[in-house]
Amino acid sequence: MTMDPGRAVTPIVGVVYAARLYETGEYRYVGITSNTVEFRRRQHLKAARRGRKTPFYDWLRKMASDEDVYFQPIELVVNGSLEDLGEAERRWIAKLRRKGHRLLNLTEGGLGPRGYVWTEEQRRAAGDRARGRKKVNVPTGPDHPSWGRTHSDELKAHWSRTRKGMNAGADNPNFGKFGSEHPSFGHRMTDEARQRLSEMRRGENNPNYGKSASAETRAKMSAVRKGRPQPSSRRSAHTRHHTNKGVFKDTCRHCIDDMRAIHSEKNKEEE
Ligand SMILES: [Zn+2]
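Everything quoted here is computed from the prediction, not taken from an experiment.

## Considerations on the overall build of the protein
Right, on to step 1. The secondary structure content of the protein amounts to ten helices and three strands.
Right, on to step 2. What you see for the protein is a C-alpha radius of gyration of 27 Å, clearly larger than the 18 Å of a compact globule of 271 residues, by over 25%.
Right, on to step 3. Within the span of the protein, comprising 271 residues, buried residues form 13% of the whole.
Right, on to step 4. A sequence separation of at least 24 residues applies to 52% of the contacts in the protein between residues at least 6 apart.

Right under this line is the structure:
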């Protein structure tokens with residue numbers, strides 16, 4: 001017998017689950033996970049405690065105890081792809097809605113955010129709610145809830161296999177969206193936000209801080225650039241990309257020098 005080891009080890013793609021009160025038979029939410037239902041349940045409860053605003057989380061928050069809600073596995077999807085898992089979710093949502101269960105799902109199921117398109121009003125309201133809201137910093141190091149925990153290689157391989165390509169090409173929700181079609185179109189960050197992002201990745205905080213590329217990597221980078229004309233110096237790069245285009249960069253030594261020169265000229269005139 002020949003076996004594809006990748007498939008033989010983990011034929012489970014994921015689980016469709018439904019949430020309901022322990023004491024009633026009415027399902028209120030259908031979801032899918034490629035982890036365990038118990039793991040997903042804890043994620044949902046955490047998101048609810050953090051105040052996420054969707055009908056499902058609003059409903060979860062109304063419970064006196066986490067134990068009031070039962071996350072019930074309803075279908076195990078095996079030997080397929082994530083698409084199949086999404087399809088199974090779609091089927092269950094349609095079926096349960098047809099039978100009169102008042103599901104709180106915002107979408108009809110299936111993968112990714114493409115199932116639900118926000119109206120302009122909803123986007124604006126969400127923006128207003130989020131603006132100025134500080135992100136709660138998750139502690140790093142030993143205080144992080146996942147500190148010291150690792151996922152098994154088997155589980156990681158499984159995730160890698162089942163998620164491969166899920167945002168690639170036409171499957172990407174932003175595929176083919178350019179200009180005003182693109183969600184980031186016209187998005188400008190405030191100087192303050194830019195500054196914050198910049199500081200977060202500077203010096204010791206930069207993931208490459210203190211690291212240097214191996215000889216092998218450097219050879220690769222060099223090979224890629226071979227034959228591609230490069231400015232012969234920083235100075236000529238500055239002239240070409242900054243002076244000639246009217247660009248000022250505070251990270252460019254020559255821009256700073258030019259600026260100083262202009263200032264001292266001015267000062268002389270004023271003296
Ligand atoms: Zn410059």
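## Brief notes about the sheet that holds strand E1 (residues 12-21)
Right, on to step 1. The strand order across the open sheet formed by three strands is E2-E1-E3, and the pairing between neighbours is antiparallel. Edge positions in the sheet fall to strand E2 (27-33) and strand E3 (69-78), since each of these pairs with one other strand and no more. For this sheet, the mean angle separating the axes of adjacent strands, direction not counted, is 20 degrees.

## Digging into unusual backbone geometry
Right, on to step 1. One non-glycine residue, Asn-79, lies in positive phi territory at about 50 degrees.
Right, on to step 2. With respect to the secondary-structure elements, Asn-79 resides in the loop between E3 and helix H4 (82-98).

## Some thoughts on the domain arrangement of the protein
Right, on to step 1. When cut into domains, the protein gives domain 1 (9-112) and domain 2 (234-271).
Right, on to step 2. Taking only C-alpha atoms, the centre of domain 1 and the centre of domain 2 are 59 Å apart.

## Points about the confidence of the model for the protein
Right, on to step 1. Overall, the prediction assigns the protein a mean pLDDT of 85, with 92% of residues at 70 or greater.
Right, on to step 2. Confidence, expressed as mean pLDDT per element, reaches its minimum in the protein at helix H1 (residues 5-9) with 45 and its maximum at E2 with 95.
Right, on to step 3. With pLDDT under 50 throughout, residues 1-8 is counted as low confidence; its partners more than four residues away or in other chains account for three contacts.

## Considering the nonpolar core
Right, on to step 1. Membership of the largest hydrophobic core comes to 23 residues, with the highest contact counts inside it found for Val-16, Ala-18, Val-30 and Trp-92.
Right, on to step 2. Counting residues per element, the ones that place at least two in this core are E1, E2, helix H2 (37-49), helix H3 (55-61), E3 and H4.
Right, on to step 3. Not counting residues up to four positions away in its chain, the partners in contact with Trp-92 are Val-16, Ala-18, Val-30, Ile-74 and Glu-75.

## Let's talk about the environment of Glu-154
Right, on to step 1. Here Glu-154 lies in helix H6 (residues 153-163).
Right, on to step 2. A tally of 10 C-beta atoms within 10 Å means that Glu-154 is categorised as exposed.
Right, on to step 3. Separated by 86 residues in the primary sequence, Glu-154 and Asp-68 have C-alpha atoms spaced 33 Å apart.

## Concerning H4
Right, on to step 1. The terminal C-alpha atoms of H4, which comprises 17 residues, lie 24 Å apart, in line with the 24 Å expected from a rise of 1.5 Å per residue.
Right, on to step 2. Listing the buried residues of H4 in full gives Leu-82, Leu-85, Gly-86, Ala-88, Glu-89, Trp-92, Ile-93 and Leu-96. Mapping the buried residues of H4 onto a view down its axis gives an arc of 155 degrees, with all of them on the same face. Opposite the buried face of H4, at more than 90 degrees from it, the exposed residues are Lys-95 and Arg-98.
Right, on to step 3. On its buried face, H4 sits against E1, E2, E3 and H6.
Right, on to step 4. One or two steps after H4, the chain reaches Gly-100, where phi turns positive at roughly 95 degrees.

## Brief notes about the environment of Leu-104
Right, on to step 1. Following the sequence through the fold, Leu-104 ends up in the loop between H4 and helix H5 (120-130).
Right, on to step 2. The contacts of Leu-104, once residues within four sequence positions are left out, are Arg-28, Tyr-29, Pro-55, Phe-56 and Trp-59.

## Brief notes about the environment of Asp-153
Right, on to step 1. Summarising the element assignment, Asp-153 is placed in helix H6.
Right, on to step 2. Note: C-alpha distance between Asp-153 and Arg-218 (65 residues apart in sequence) is 30 Å.

The rules behind these values
- Residues numbered from 1 in each chain as written.
- Predicted model: local features only at pLDDT ≥ 70, side-chain atom pairs only at ≥ 80, totals over all residues.
- Helix = DSSP H or I, 4+ residues; strand = E, 2+ residues; numbered from the N terminus.
- Rg over C-alpha atoms; globule rule 2.2 N^0.38 Å.
- Buried ≥ 20, exposed ≤ 12 C-beta atoms within 10 Å, placed from the backbone.
- Contact = placed C-beta atoms within 7 Å.
- Pairing = 2+ DSSP bridges.
- Axes fitted to C-alpha atoms, helices over the stretch in contact; angles between N-to-C directions.
- Domains from an automatic or database assignment.
- pLDDT = per-residue confidence, 0-100.
- Core = buried A, V, L, I, M, F, W, Y, C linked by C-beta atoms within 7 Å.
- Expected span 1.5 Å × (residues − 1).
- Arc of directions from axis to C-beta.

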